[in-house]
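Breakdown of the fold
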Amino acid sequence: MSGYIDEQLIENTYLYCVKRIEDSEAAKDLAQDILLEAVRAISEGKEFFNFHSWYWRMAHNKYARYMEQKKTPAVPIEMAVGVMENSPLPIDQIISEEQISNLNYSLSRLASYQREMVIRFYLKEQSVRQIAEELNLPVGTVKRRLFDAKKKVKERFESMKKIGISSYAPAKVDWFWGYSCKSASGILDTQKMAQQVCVLCYKNQKDINELADEMGVAPIYLEPVLEQMVGVNLLKMPAKNSYLTNFCVFPAREYIKAEAEACEEFQKHHYGKKITDILYGLKDKILSLDFYGNDFSYEYLMWILYVIAGYQVGTQANADYLKKYQGKYRNEAEREYRITMQYTMAEEKEPHFPDTIKKVVWSNMHQFFKSARYGKLEYVNNYAYAPFPAEGTDFQKGRDFWIDGNNISLLLELTENRKKNLNVYEEEIAAGFIKKGIVEKSGGGLKVMVPVFSEAVFTKINDIVKDAVRRLAAEYAEAVSEKVEKRLLPYVRKDLMSNFIYWDMKMFLQPISFLFYYGIYESGKLQIPKDYEKSAAGLYIKKIS
C-alpha cells in the first residue's frame, strides 16, 4: 500500500459503499473500483493538494455513475467517517471539497471514549442499548457521550478551532531533578509532547481535547503519552480525563531572576569565603578521622567537602525557612523524585543568565554495588559536568562510568596494598585507572586517588560540618528566601506548595553551584587539576554497613 492508502481508508471505503448499496458483493466491487482509481492516480504521479478531499470526491463520482447505470435513485448518504444529519442530503449539497478533510480532522480530535461511540453508532449501526451492553455502561452514559461527541464535531466542523501555537512553535523547556527519577526523566528526555504537556497544564487542569487542540495532534496519539506520565506521577488527574502537572513549572525569565537575586546575596555577604574559612578551620579535626585519603592534600579533599558544606547549609537553611509555615504543609514522603521545570514560550525572547550570576553547573551521581569481600558500596561522582568529562558530552566517557561493579573491588584492594601482585586481567584494569587519573604510580606501587569512607566516618564529617555552619545557614535562609518567594510564589499552585517549600526552595538555599564557582575561580583554596580529563577530584567511595 502507498503512503496515502492504509487499512483505515480501505475499511472506510467499504463502509461508504455498503451503506449505499444493499448488495454487499456490489459494494465490494465499487469499493475496489474506487481504490484502484486512487492507486492508478498515485502511480501516475498525480499531485494532490489534499488527497482525502480528492479521494472522497472521486468516490462520490464513482458511486454516482454506478447509480446512474443502475437507473435507481440514490439513497441518502453520509461521509464514511462522518456523522449522519437528521435530514440527510446528497453529499455534494452538504460537503464541499475541503469539508470532508475537515470533518475527518474533527473526528480525529475526539477522545477515544467519544470516538468509539461515533464509530459504533454511525458506522457499525449499533443501537444505544447494544452499545451500552457491550461496553457495560448505563444507557444514559452512552447517550451523553454521543451527544458530547456530536457537539464537539459540530464545533470543529462549523468553526475549526485554530491549532495552538505550541503545535508549530513549542515552548523551550529545561529541568533538573533529584532522587530516583529514572523513569520520569526518561519520558521527559525522549518525548517532546510530554514536555509541552507539563507546560500547558501547570496552571489549570485540561482535558485531552484541550491539550490536543493546543498541540495540534490527534488525541489518539496523545493518549499513550498521558497514560505514561500519569503512571510515573508527572501528571495527576483531579477529575476524570483531566490532567494537572504534578510539580512546579516556572517561566524561565522569573526563575533566572530569582537565581540572580540569590547569587547576589551569596556574593554580597561573602558566603563563599565564610564557608571556605569554616572548612579550613575544621581541617585538623577532619584529617584526624580514620579514612583512606586523610593524607591527601586538603585542597584536593575540598571537592568533596564543598558538597557536604553546601548540603548542610541548604538542609538547615530550609529547616529555618520552614518554621514560618509551622507544619501547615506536609512533606510528601511518597514522592520518589523531585523535578523543577522552567519554560520559555516561542514568542518570548529567550532569557540569558546575567553576568552577575556566578555559578557552575554540577551534579553528583550515586551508584551502588555489592562486593563479596567489601559488602555494599556506594560510588559517588560529586561533579558530573564540565570542566570535568561530562556525561552529556560523551555518555560512556563521563566519570560516572569510570568506576563500576567490575573494577571497584580491585580499587579497594589497592587502597589496602599498593604493591599488590596483579594478574593479566587486573593489570588491564589498573592501566585504565592510571589513564583516567584514578590511580597514580607512586613508590614502586599504585596509589589510589579516590578517598574511601566508612559510613560511620562519613556521618561524623557531616555532623562536624553541620555544627560549624549552623549559624551561617540561618543567616542565609533569611537573606534569600523572601526574595525567591516574592519572585516565584505567583506561579505555584496551592496543591504544590509542599513541593515548593520542601524542594524548590531548598534548591535555592543550597548554594553548592555558587560555592563551586567561588572555589574554582576565586578562592585559590581548591586544588585545580592540570587535566580535568585525567582527574579523580570529587570522586569517593563509601562502605555501607
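Reading guide: rules and limits
Residues numbered from 1 in each chain as written. Predicted model: local features only at pLDDT ≥ 70, side-chain atom pairs only at ≥ 80, totals over all residues. Heavy atoms only, no water. Helix = DSSP H or I, 4+ residues; strand = E, 2+ residues; numbered from the N terminus. Buried < 20%, exposed > 50% of the residue type's maximum accessible area, 1.4 Å probe, protein only. Areas by Shrake-Rupley, 256 points an atom, 1.4 Å probe, with all protein chains shown as cover. Pairing = 2+ DSSP bridges. Axes fitted to C-alpha atoms, helices over the stretch in contact; angles between N-to-C directions. Contact = heavy atoms within 4.5 Å. Polar contact = N/O pair within 3.5 Å; in protein donor to acceptor, adjacent residues only side chain to side chain. 1 Å grid on protein atoms, 1.4 Å probe; cavity = no way out; pocket = protein on both sides within 12 Å on 5 of 7 lines; lining within 4 Å. Points joined across faces, edges and corners; volume = space filled by probe spheres on them.

**Points about the overall build of the chain**
Scanning the chain for helices and strands turns up 21 helices and 12 strands. The buried share among the 545 residues of the chain stands at 50%. For the chain, the exposed area adds up to about 28,000 Å²; of that, 49% sits on carbon and sulfur atoms.

**A word on the sheet that holds strand 1 (residues 172-179)**
The strand order across the open sheet formed by 3 strands is 1-6-5, and the pairing between neighbours is mixed. On the outer flanks of this sheet lie strand 1 and strand 5 (248-251), each paired with one strand and no other. Neighbouring strand axes in the sheet, compared pairwise and without regard to direction, differ in orientation by 20° on average. Inspection of the sheet shows strand 5 paired to strand 6 (residues 337-344) by 4 bridges, in the parallel sense. By the bridge assignment for strand 6, Cys-248 is matched with Thr-340. Of the strands in this sheet, strand 1, strand 5 and strand 6 touch helix 20 (residues 497-508), which is tilted by about 70° from strand 6.

**Focus on unusual backbone geometry**
In this chain, Ala-386 is followed by Pro-387 through a cis amide linkage whose omega measures 15°. For Pro-387, the location among the structural elements is in the loop between strand 8 (375-381) and helix 17 (408-416). Notably, Tyr-179 is not glycine yet its phi reads approximately 70°, a positive angle. Its location among the elements puts Tyr-179 in strand 1. A relative accessible area of 55% means that Tyr-179 is categorised as exposed. For Asn-241, which is not glycine, the phi torsion reads 65° and is therefore positive. Looking at the element boundaries, Asn-241 is found in the loop between strand 3 (235-236) and strand 4 (242-245).

**Here's the deal with the environment of Asn-364**
Inspection of the secondary structure assignment puts Asn-364 in the loop between strand 6 and strand 7 (365-371). Leaving out residues up to four positions away in the same chain, Asn-364 has contacts with Tyr-311, Asn-381 and Asn-382. At 3.2 Å, the side chain of Asn-364 forms a polar contact with the side chain of Tyr-311. Polar side-chain contacts of Asn-364 include one of 3.0 Å to the side chain of His-366.

**Here's the deal with the sheet that holds strand 12 (residues 539-544)**
If you trace the 4 strands from one edge of the open sheet to the other, you get 7-8-12-11, paired in mixed fashion. In this open sheet, the two strands that pair with only one neighbour each are strand 7 and strand 11 (452-454). Looking at each pair of strands side by side, their axes are set apart by 25° on average, direction ignored. Here strand 7 pairs with strand 8 via 7 bridges, running antiparallel. Within strand 8, the position partnered with Phe-369 by the bridge is Leu-377. Taken strand by strand, helix 17 contacts strand 7, strand 8, strand 11 and strand 12, and its axis lies near 90° from that of strand 12. Contacting strand 11 and strand 12, helix 19 (residues 455-488) crosses the sheet at an angle of about 90° to strand 11.

**Focus: empty space enclosed by the protein**
Taken as a whole and judged by the stated rule, the model has 1 cavity of 30 Å³ or more. The calculated volume of the largest cavity comes to roughly 50 Å³. What lines the largest cavity is Ile-286, Phe-291, Leu-301, Ile-304, Leu-305, Phe-453 and Ile-461. Counting residues per element, the lining of the largest cavity draws most heavily on helix 16 (residues 298-322), at 3 residues.

Honestly, that's just the spatial picture; any functional story needs more than this.
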